[in-house]
Amino acid sequence: MKGSDFMKIVREKTPLVHHITNYVTVNDCANVTICAGGSPVMSDEAKDIVDISRISSAVVLNMGTLNERTVESIIISGKVANENGIPVVFDPVGAGASAYRNEVADRVLREVKVDVIKGNAGEIGVLSGIGGEVRGVDSVSSNNEKLATEALAKKYNCVVAMTGKTDYVSDGERTITLKNGHDLMGCVSGTGCMVSSVVGCYVGANGVSVDSVAAAISTFSIAGEIAAETANGPGTFKVNLLDSLFNLTCEKFDEMRKVE
Amino acid sequence: MKGSDFMKIVREKTPLVHHITNYVTVNDCANVTICAGGSPVMSDEAKDIVDISRISSAVVLNMGTLNERTVESIIISGKVANENGIPVVFDPVGAGASAYRNEVADRVLREVKVDVIKGNAGEIGVLSGIGGEVRGVDSVSSNNEKLATEALAKKYNCVVAMTGKTDYVSDGERTITLKNGHDLMGCVSGTGCMVSSVVGCYVGANGVSVDSVAAAISTFSIAGEIAAETANGPGTFKVNLLDSLFNLTCEKFDEMRKVE
Amino acid sequence: MKGSDFMKIVREKTPLVHHITNYVTVNDCANVTICAGGSPVMSDEAKDIVDISRISSAVVLNMGTLNERTVESIIISGKVANENGIPVVFDPVGAGASAYRNEVADRVLREVKVDVIKGNAGEIGVLSGIGGEVRGVDSVSSNNEKLATEALAKKYNCVVAMTGKTDYVSDGERTITLKNGHDLMGCVSGTGCMVSSVVGCYVGANGVSVDSVAAAISTFSIAGEIAAETANGPGTFKVNLLDSLFNLTCEKFDEMRKVE
């Protein structure tokens, strides 16, 4: 199976991706989901999410602007997904930035069987125990990015994706290194959240594997490279990114992909 | 009165449109309101909304990311609007997707005199009792779109607008069929919410009628057609849509409008 | 120190700016913070914000879509900032539009030592007691803009920035009048919120002064003028604004700035 085959299947299946996510980047997540070939639904009310989660192809749980009410919703939605065999993608935004965020991330990982953890170097570093530095919700560094990714995958028996200049995707046994992307991706708020939405589409349509998660990340990074070609700055870049994601062909994907 | 006269009056009056809406597409709703000629105000705190609703020209109630707190606010705001003779536009996002959404939609329609219901084929189908299919918050189909629109208008004695490839606007007696629009409108999250904001502007400035609601929907769909001419995908399309809505002239509106 | 020196220092220091803000324009605030040279973090959960606020360079408190829960968070965050000597920027969105907003604005100004108040003519007019007119969250007019700015600065012993066609920045002793900007800034939702984010960056990196606040406002207004040159309407304008803010050079700033 080629990398681009995962993309083809997403577009054929139009997976419904349920998000409980932050209010900062939620609109971009919705539009990215559509442009990647999925169908987004956002809902965080406890009374609503059982019905929504169980008809979804994947659930994306993002703690960017967590609060007490939505943390409970994250837990409920994760459990419903688990009971129904629906893949759960967890984006532990800002883990390491506050005691509360650490506590919530731990709780989610303890009470929900998470299938994919997607984070930046700081977040994955902190959760793996290898160490990482977080400043607000932005990653500063991790001592050893590949090592931390693998350690966290082993710790929770899941696929872990660490995104940054180089991306690592690992299930603890096998690790894929990805090299696409562009600096402008770091100049737009929420590119990390958006890639989690793309991962939701890919595991929703293809099942969970190192390869399906890696294909999702490559898709987004390649779209970013194409978007940057005609961007004048972060504003035009974000607009172009939706277009290039929407228009990305399998041929272009296979041609541009940098995978190790 | 020509269709474009409604647009002219919106721009003269700059109606203040109070929204209680979802956090996914709220920014687009605010900007669309401005570009259509209105002035948006978003507020959902029970202590705040009485003062805000009663000075508004129209109230738009959207249950996209409903929660227990904001459902109460929706009810309060609707009642304040009723007491003050202010038009109420209801967008029952995702009706049919969960038991909770059905329950809330029913409650709103029971406790508030809604003047306009704006939905997609699935939502209107479900609420009318004619039947419809909803997947997440996106419509899949309705058995008979025109019939469902008319039935719902009769059921609640209001104007109903069903938007899709073809749009139907009915008060139960008279039904207008509209044929403008572009496929890219379905590739942007929240175009349904945005058209509700435009409806809010039009009924706020012109009063509630099949004609004022139909003029609002035509305005948005024509702007969409113009936006698509120079779009490269959903990203540029959404940006262009705000521009084309803002720049739309009465002449262009009358020239491009497809109404039956 | 030239006006552009403040900009240079922001970009060198990348100040972390904690926002408790509304869900309408929050994404734009995040992206504007990045484009201005800062790093944004948005969080409003009481359990989270103590850790977040105290590592921040500045705190921006915006009551655009206030609710009972987030008003408490605004107070907590402001107090934490005060205890740690971190500048507090307050944007009293819609003060004058409802009794609740007036009450909250008064409470914030009573319980938190606010360093900068940034508002439009209506809001500053209302808070100063000089009088102003507010319709929804948009300003209509103030009897005497400069006078109201100075009166409010004296009342709370802080820097006050009133933005509009002409901007006034005053500490009650010295008042700077700024004349950059473009009409399209009034056609985009949230330009007022965005300028507060830029102020957060500037006082976070440079400390609080009439000059640092005025430099922030000039930066945003000049970026707006440049953005308007190639805009076709509010949609392209907002996209361009992020680009022009990101690309603005010190030379261009000094060349274009209109200050009295």
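Everything that follows concerns the structure shown earlier in this document.
Definitions and limits used
Residues numbered from 1 in each chain as written. Chains lettered and ligands numbered in written order. Predicted model: local features only at pLDDT ≥ 70, side-chain atom pairs only at ≥ 80, totals over all residues. Heavy atoms only, no water. Least-squares fit on C-alpha atoms with pLDDT ≥ 70 in both. Pairing = 2+ DSSP bridges. Helix = DSSP H or I, 4+ residues; strand = E, 2+ residues; numbered from the N terminus. Axes fitted to C-alpha atoms, helices over the stretch in contact; angles between N-to-C directions. Contact = heavy atoms within 4.5 Å. Buried area = accessible area lost by both parts, 1.4 Å probe. Salt bridge = Lys/Arg side-chain N within 4 Å of Asp/Glu carboxyl O. Polar contact = N/O pair within 3.5 Å; in protein donor to acceptor, adjacent residues only side chain to side chain. Nonpolar A, V, L, I, M, F, W, Y, C, P; charged D, E, K, R; others polar. Buried < 20%, exposed > 50% of the residue type's maximum accessible area, 1.4 Å probe, protein only.

Thoughts on the relation of the copies chain A and chain B
Then, in step 1: Between chain A and chain B, which share one sequence, the superposing operator has a rotation angle of 120 degrees and an axial displacement of 0.0 Å; the RMSD is 0.0 Å. Taken together, the rotation and translation relating the two chain copies correspond to the operation of a three-fold axis. It is A:Y23 whose C-alpha, among those of chain A, lies nearest the rotation axis, at 3.6 Å.

Examining the sheet that holds strand β10 (residues 175–178) of chain A
Residues and elements named next belong to chain A.
Then, in step 1: Taken together, the eight strands give an open sheet; going across it, the order is β2-β1-β3-β4-β5-β8-β9-β10, and neighbouring strands pair in mixed fashion. Two strands lie at the open edges of the sheet, namely β2 (39–42) and β10, each paired on one side alone. The sheet shows a mean angle of 20 degrees between the axes of neighbouring strands, taken without regard to direction.
Then, in step 2: Its contacts with the sheet put helix α2 (residues 26–36) on β1 (16–20) and β2, and the angle it makes with β2 is roughly 155 degrees.

A few points about the interface of chain A and chain C
Then, in step 1: Contact with chain A, which involves 29 residues of that partner, is made by 30 residues of chain C.
Then, in step 2: Between chain A and chain C the total buried area reaches about 2300 Å² when both faces are included, carbon and sulfur atoms providing 54% of it.
Then, in step 3: Here chain A and chain C share two salt bridges between them.
Then, in step 4: Residue A:R101 is joined to C:D48 by a salt bridge in which the shortest nitrogen-to-oxygen separation is 2.9 Å.
Then, in step 5: There are 14 residue pairs in polar contact (both at pLDDT 80 or more) connecting chain A and chain C.

Remarks on the interface of chain A and chain B
Then, in step 1: Each side of the interface is counted separately: chain A has 30 residues, and chain B has 29 residues.
Then, in step 2: Summing the contributions of chain A and of chain B, the shared interface buries around 2300 Å²; its carbon and sulfur component is 54%.
Then, in step 3: Counting across the interface, chain A meets chain B through two salt bridges.
Then, in step 4: A salt bridge links A:K47 to B:E68, with the shortest nitrogen-to-oxygen separation between them at 2.8 Å.
Then, in step 5: Top contributing element to the side of chain A that touches chain B by residue count: α2(A), with six residues.
Then, in step 6: When its residues are assigned to classes, the side of chain A that touches chain B shows 15 nonpolar, seven polar and eight charged.

Things to note about the pattern of salt bridges
Then, in step 1: Inspection of the entire model under this criterion finds 42 salt bridges over all chains.
Then, in step 2: Residue A:K118 pairs with A:D91 through a salt bridge whose shortest N-O separation is 3.5 Å. Of this pair, A:K118 sits in strand β5 (residues 116–119) while A:D91 sits in strand β4 (residues 88–91), and the two are 27 residues apart along the sequence.
Then, in step 3: Note on A:K118: relative accessible area 3%, which makes it buried.
Then, in step 4: Of the residues examined, A:D91 reaches a relative accessible area of 2% and is grouped as buried.
Then, in step 5: Residue B:D183 pairs with B:K165 through a salt bridge whose shortest N-O separation is 2.7 Å. Remark: B:K165 occurs in the loop between β8 (159–162) and β9 (167–170) and B:D183 occurs in the loop between β10 (175–178) and α8 (191–206); sequence separation between them is 18 residues.

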